[in-house]
Amino acid sequence: MHRARTTLRLRAPRLRQGLASSAASPQPTPAPIPQTSELLSLSSSYLLPVYARPPFVLSHGQGSHVWDTAGKRYLDFSAGIAVNALGHADRGVVETIAAQSAKLLHTSNVYHNEWAPRLAELLVSLTQRDGGLGFAPCTAPAPNAKVFFSNSGTEANEGALKVARMVGKVRASDGSKTRIACFADAFHGRSMGALSVTPNPKYQQPFTPLIPGVDVGTLNDAEGLQKLITEETCAVIAEPVQGEGGVNTANPEWLALLRARCDEVGAVLIYDEIQCGLYRTGTLWAHSHLPVECHPDIVTMAKPLANGYPIGAVLMRDAVAGNMTAGTHGTTFGGSPLACAVGHHVLSRISSPESVAQVAATGTYLTARLAQLPARFPQKLEDTVRGRGLIRGLGFHDPAHPARVVDLARERGVFVLTAGKNVIRLVPSLNVGTAEVDEAVDCLAGCIADL
Ligand SMILES: Cc1ncc(COP(=O)(O)O)c(C=O)c1O
């Protein structure tokens, strides 16, 4: 208590100074970085302990690298969990944030702003250009899909589930169409609705009872679809490539059966592309390259859309959007001019032919480098590398190994993530280079050898 008061007293003049100088100059000098140990102690004293973090503090980044307050450099092959598509401290993102925040940061959704409709138009026209949501690639741009902006992936899924519930109420006026189907190993978020369709006991059990009427199926289980999805189902939510659950890819044949079953019973099909979407697999959506018979009614997105500035979005066909009217859903912050200006900047760049070609080339290079590892470590690794493009997983025979590899790699200066029960997940920035791929894969190979 006493220490907290001292800290406040020490900080106050510095804060006042910063505010005063910012009035005179648009670029106030940042306060000096306090010692790492002080920050770690503040964290443990004041932050809700829901994360187990390693004992260092990140201070800044550039491209695919970040540095801690002690000056150690790390290659960030996690990209803030598939978020920093353009890497850290990207000049264009920095300039967009600076320019827009100096102009108009927030207005609420009581008023129109310049950037929400522009970003919505870009999302719809790119989906029509590249394919997805029922549009074959190169469909002529037309305003026949709608977007709702949120602040996170979880909120995007909540919005999608609400749209589907609304459709269910309209399709069955007796209120019998309210059930939601999801799949084992899915991850859709931590709020009560999204958590209810994230069937992982580790996340769900402490918080039961969850929302009722949720049915859980198995990814790629064709036979189970009939029983799972019924006339009472209003929504089916699935990740075309499960990220957190272990980089598990849904088969195109199964997705076609899933779509057909949803059509049969009038259920809304939602693809959560929060982790796998926005060019991470090489195409706009992970389902863009598939026939329209595999496409969903709604796509949710978030993570890379504004390169780390919080944003989420629900993109839906007009056929399901039509039931949502003024007042049926909303948010204070979602769709702000700042978030949408940054989103527009990032999406314009990651959808450019140069960026798409670079993701394809780097993805191919990463595939070739990773493919060497199972042959080199057959006792430790599964035969096949999981995922596609720049969302990849290495499956281990021993479920204890991935966490050890994450720790070892971090000690050696590379960030990677675990996924599912036995997987190392790689989700680097979309503009990562081949030299960085080499550095990451060489480091991983060394860690696996040393297990
Ligand atoms: C597929 C998927 N859906 C939803 C979420 C939740 O997104 P957020 O953490 O932005 O709420 C995540 C986050 O990891 C995710 O990977």
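Residues numbered from 1 in each chain as written. Predicted model: local features only at pLDDT ≥ 70, side-chain atom pairs only at ≥ 80, totals over all residues. Heavy atoms only, no water.

(A) Fine view of the overall build of the protein chain. Helix and strand counts for the protein chain come out as 15 helices and 17 strands. Here the protein chain has a C-alpha radius of gyration of 23 Å; the compact-globule value for 451 residues is 22 Å, and the two agree. Judged by the C-alpha coordinates and their principal axes, the protein chain covers about 65 × 60 × 45 Å. Among the 451 residues that make up the protein chain, the fraction classed as buried is 49%. When the 40 positive and 38 negative side-chain charges of the protein chain are each reduced to one mean point, those points stand 8 Å apart. (Helix = DSSP H or I, 4+ residues; strand = E, 2+ residues; numbered from the N terminus. Rg over C-alpha atoms; globule rule 2.2 N^0.38 Å. Buried < 20%, exposed > 50% of the residue type's maximum accessible area, 1.4 Å probe, protein only. Lys, Arg positive; Asp, Glu negative; His and termini not counted. Charge placed at Lys NZ, Arg CZ, Asp CG, Glu CD.)

(B) Molecular detail of the sheet that holds strand E1 (residues 58–62). Judged by pairing direction, the sheet is mixed, and its 4 strands sit side by side in the order E1-E2-E3-E15 without closing on themselves. The sheet is open, and its two edges are formed by E1 and strand E15 (414–415), each paired on a single side. On top of the sheet, helix H15 (residues 434–449) reaches strand E2 (65–68), strand E3 (73–76) and E15; it is set at about 100 degrees to E3, its chief contact. (Pairing = 2+ DSSP bridges. Contact = heavy atoms within 4.5 Å. Axes fitted to C-alpha atoms, helices over the stretch in contact; angles between N-to-C directions.)

(C) Representation of the nonpolar core in the model. By size, the foremost hydrophobic cluster in this structure holds 64 residues, and its most contacted members are Phe77, Phe149, Leu347, Ile350, Leu394 and Val416. When residues of this core are assigned to domains, at least three fall in each of domain 1 (20–83 + 353–451) and domain 2 (102–351). Residues in contact with leucine 394, not counting those within four places in the same chain, are Leu370, Leu373, Leu381, Val385, Asn422, Val423, Ile424, Leu444 and Ile448. (Core = buried A, V, L, I, M, F, W, Y, C linked by side-chain atoms within 4.5 Å. Domains from an automatic or database assignment.)

(D) Fine view of a nonpolar patch on the surface. Among the surface-exposed residues, Leu48, Val50 and Tyr51 lie close enough to one another that they form a single nonpolar patch of about 390 Å² accessible area. Mapped onto the secondary structure, leucine 48 falls in the loop between helix H2 (36–46) and E1. Residue classification places leucine 48 among the exposed positions, given a relative accessible area of 67%. (Patch = residues over 30% accessible without salt bridge, like charges linked within 9 Å, V, L, I, M, F, W, Y side chains within 5 Å. Areas by Shrake-Rupley, 256 points an atom, 1.4 Å probe, with all protein chains shown as cover. Salt bridge = Lys/Arg side-chain N within 4 Å of Asp/Glu carboxyl O.)

(E) Structural detail: the site of the ligand. The environment of the ligand is made up of Ser152, Gly153, Thr154, Asn157, Phe187, His188, Glu239, Asp272, Ile274, Gln275 and Lys303. Between the ligand and threonine 154, the relevant distance is 2.5 Å, taken from an oxygen atom to a side-chain nitrogen or oxygen of the residue. With respect to the ligand, the backbone of phenylalanine 187 contributes an N or O atom lying 3.2 Å from a nitrogen atom. A per-element tally of the shell around the ligand places helix H6 (residues 153–171) first, with 3 residues. The residue inventory of the shell around the ligand, partitioned by class, reads 2 nonpolar, 6 polar and 3 charged. (Near = heavy atom within 4 Å. Polar contact = N/O pair within 3.5 Å; in protein donor to acceptor, adjacent residues only side chain to side chain. Nonpolar A, V, L, I, M, F, W, Y, C, P; charged D, E, K, R; others polar.)

(F) View of the confidence of the model for the protein chain. Across the protein chain, the average pLDDT comes to 93, with 92% of residues at or above 70. A low-confidence stretch, residues 1–30 stays under pLDDT 50, and its non-local contacts, those more than four residues away or across chains, total 13 contacts. (pLDDT = per-residue confidence, 0-100.)

(G) Just the pattern of salt bridges, in detail. The full count for this structure, using the stated rule, is 18 salt bridges. For glutamate 439, the salt bridge goes to arginine 73, with nearest N and O atoms at 3.8 Å. Of this pair, glutamate 439 sits in helix H15 while arginine 73 sits in strand E3, and the two are 366 residues apart along the sequence. Using a relative accessible area of 31% as the deciding quantity, one classes glutamate 439 as partly exposed. The exposure class of arginine 73 is partly exposed, given its relative accessible area of 41%. For arginine 386, the salt bridge goes to glutamate 382, with nearest N and O atoms at 2.8 Å. On the basis of relative accessible area, arginine 386 is assigned to the buried category, the value being 18%. Classification of glutamate 382 by relative accessible area gives partly exposed; the value is 21%.

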